[in-house]
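Remarks on the overall topology
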Amino acid sequence: MDTKIVLGMISFWEVKNHSDLEKIEIMASTIWHEHYTPIIGKEQVLYMLDKFQSSGTMQDQIDKGYQYFMISFESKNVGYLSFEKREKDLFLSKIYVLKEFRGKGIGKKAMKFVTEVAESLNCEKVSLTVNKFNFNSIKAYEKAGFVKKGALVQDIGNGFVMDDYLMEKTI
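Now for a quick tour of the structure. Source: prediction; values computed, not measured.

**Focus on the pairing of strand 3 (residues 67-73)**
With 7 of its 7 residues buried, strand 3 lies for the most part within the structure. Burial along strand 3 is two-sided: the residues Gln67, Phe69, Ile71 and Phe73 and Tyr68, Met70 and Ser72 are all buried. Pairing geometry for strand 2 (residues 10-14) and strand 3, over 5 bridges, is antiparallel. Note on strand 3: the bridge partner recorded for Phe12 is Ile71. Summarising the sheet, strand 3 and strand 4 (residues 76-86) pair through 7 bridges and their orientation is antiparallel. Paired with Phe69 across the two strands is Leu81, which belongs to strand 4. Counted along the chain from strand 3 to the antiparallel partner strand 4, the turn is 2 residues long, and its residue Glu74 has a positive phi close to 50°.

In structure tokens:
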């Protein structure tokens, strides 16, 4: 796969170095504190940032087959996404856009990019998990063609759980 894909004013490039992972870690902190604190609370946000959104954790995921992409809009880093191919499924692990850049079609183009990648890898579907109380994201996923397939509650340690829906989009 090319390391940089351009869709209009939005580009996606594959992250392959520690410097970019550190940029994503900083962006994740901004997004998570702002978006998830009202949903899951500050303590769980801090725990999940450390456990799932640190540059070291992301590098471990890359080493295990995940791909990370920075999202750029008008030459500014505005978000990131990550996925892993799992047999005939492309699992969308992360897709985040900074608040001030939402509503500009970036998420829609990102979903188009993910779908195109899934098609190129001969996947039959794209799947993801989303917090049950993340109503705006659920609505956006449904608008993009995803359907709820069930509920998942996963113990992530330290007394915290992820209370999610599994959503899928058939390709």
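**Quick notes on the pairing of strand 2**
Most of strand 2 is tucked away, with 4 of its 5 residues classed as buried. Across 4 bridges, strand 1 (residues 4-7) lies against strand 2 in antiparallel orientation. Bridge pairing links Val6 to Ser11 in strand 2. Counted between consecutive antiparallel strands, the loop separating strand 1 from strand 2 contains 2 residues, among which Gly8 sits at a positive phi close to 70°.

**Section: helix 5 (residues 135-143)**
All buried positions along helix 5 are accounted for by Ser137, Ile138 and Tyr141. Axial view of helix 5: buried residues confined to an arc of 100°, hence all on one face. Residues of helix 5 that are exposed and point over 90 degrees away from its buried face: Phe135, Asn136, Lys139 and Lys143. Structurally, helix 5 contributes buried residues whose contacts are with helix 1 (18-40), strand 5 (89-97), helix 4 (106-120), strand 6 (125-131), strand 7 (147-157) and strand 8 (160-170).

**Regarding the environment of Tyr96**
Mapping Tyr96 onto the fold places it in strand 5. Classification of Tyr96 as buried rests on a relative accessible area of 12%. Put simply, Tyr96 and Glu74 are 22 residues apart on the chain and 17 Å apart in space, counted from C-alpha to C-alpha. Ignoring sequence-local partners within four residues, the contact set of Tyr96 consists of Ile31, Trp32, Tyr36, Gln53, Ile71, Val78, Gly79 and Tyr80.

**Details of the packing of helix 1 against helix 2 (residues 42-52)**
For the pair helix 1 and helix 2, the least separation of the axes is 8 Å and the interaxial angle reads 140°. Here helix 1 and helix 2 pass one another in a crossing that is right-handed. Of the residues in helix 2, those in contact with Ala28, Ser29, Trp32, His33, Tyr36, Thr37 and Ile40 of helix 1 are Lys42, Gln44, Val45, Leu46, Met48 and Leu49. In the contact of helix 1 with helix 2, the residues fall into 8 nonpolar, 4 polar and 1 charged.

**With respect to helix 2**
Within helix 2 the residues assigned to the buried category are Gln44, Val45, Tyr47, Met48 and Leu49. Check the buried side of helix 2 and you find it contacts helix 1, strand 7 and strand 8.

**Some remarks on the packing of helix 1 against helix 3 (residues 55-63)**
Where helix 1 meets helix 3, the axes come as close as 9 Å, and the angle between the chain directions of the two elements is 125°. The orientation of helix 1 with respect to helix 3, classified from their angle, is oblique. Two packed elements cross with a definite hand, and for helix 1 against helix 3 that hand is right-handed. Contacts from His18, Leu21, Glu22, Ile24 and Glu25 in helix 1 reach Ser55, Met58, Gln59 and Ile62 in helix 3. Classifying every residue of the contact of helix 1 with helix 3 gives 4 nonpolar, 3 polar and 2 charged.

The rules behind each value
Residues numbered from 1 in each chain as written. Predicted model: local features only at pLDDT ≥ 70, side-chain atom pairs only at ≥ 80, totals over all residues. Heavy atoms only, no water. Buried < 20%, exposed > 50% of the residue type's maximum accessible area, 1.4 Å probe, protein only. Helix = DSSP H or I, 4+ residues; strand = E, 2+ residues; numbered from the N terminus. Pairing = 2+ DSSP bridges. Arc of directions from axis to C-beta. Contact = heavy atoms within 4.5 Å. Axes fitted to C-alpha atoms, helices over the stretch in contact; angles between N-to-C directions. Left-handed = near helix turned anticlockwise from the far one by under 90°. Nonpolar A, V, L, I, M, F, W, Y, C, P; charged D, E, K, R; others polar. Parallel < 35°, antiparallel > 145°, perpendicular 65-115°, else oblique.

None of this, on its own, says anything about what the molecule does.
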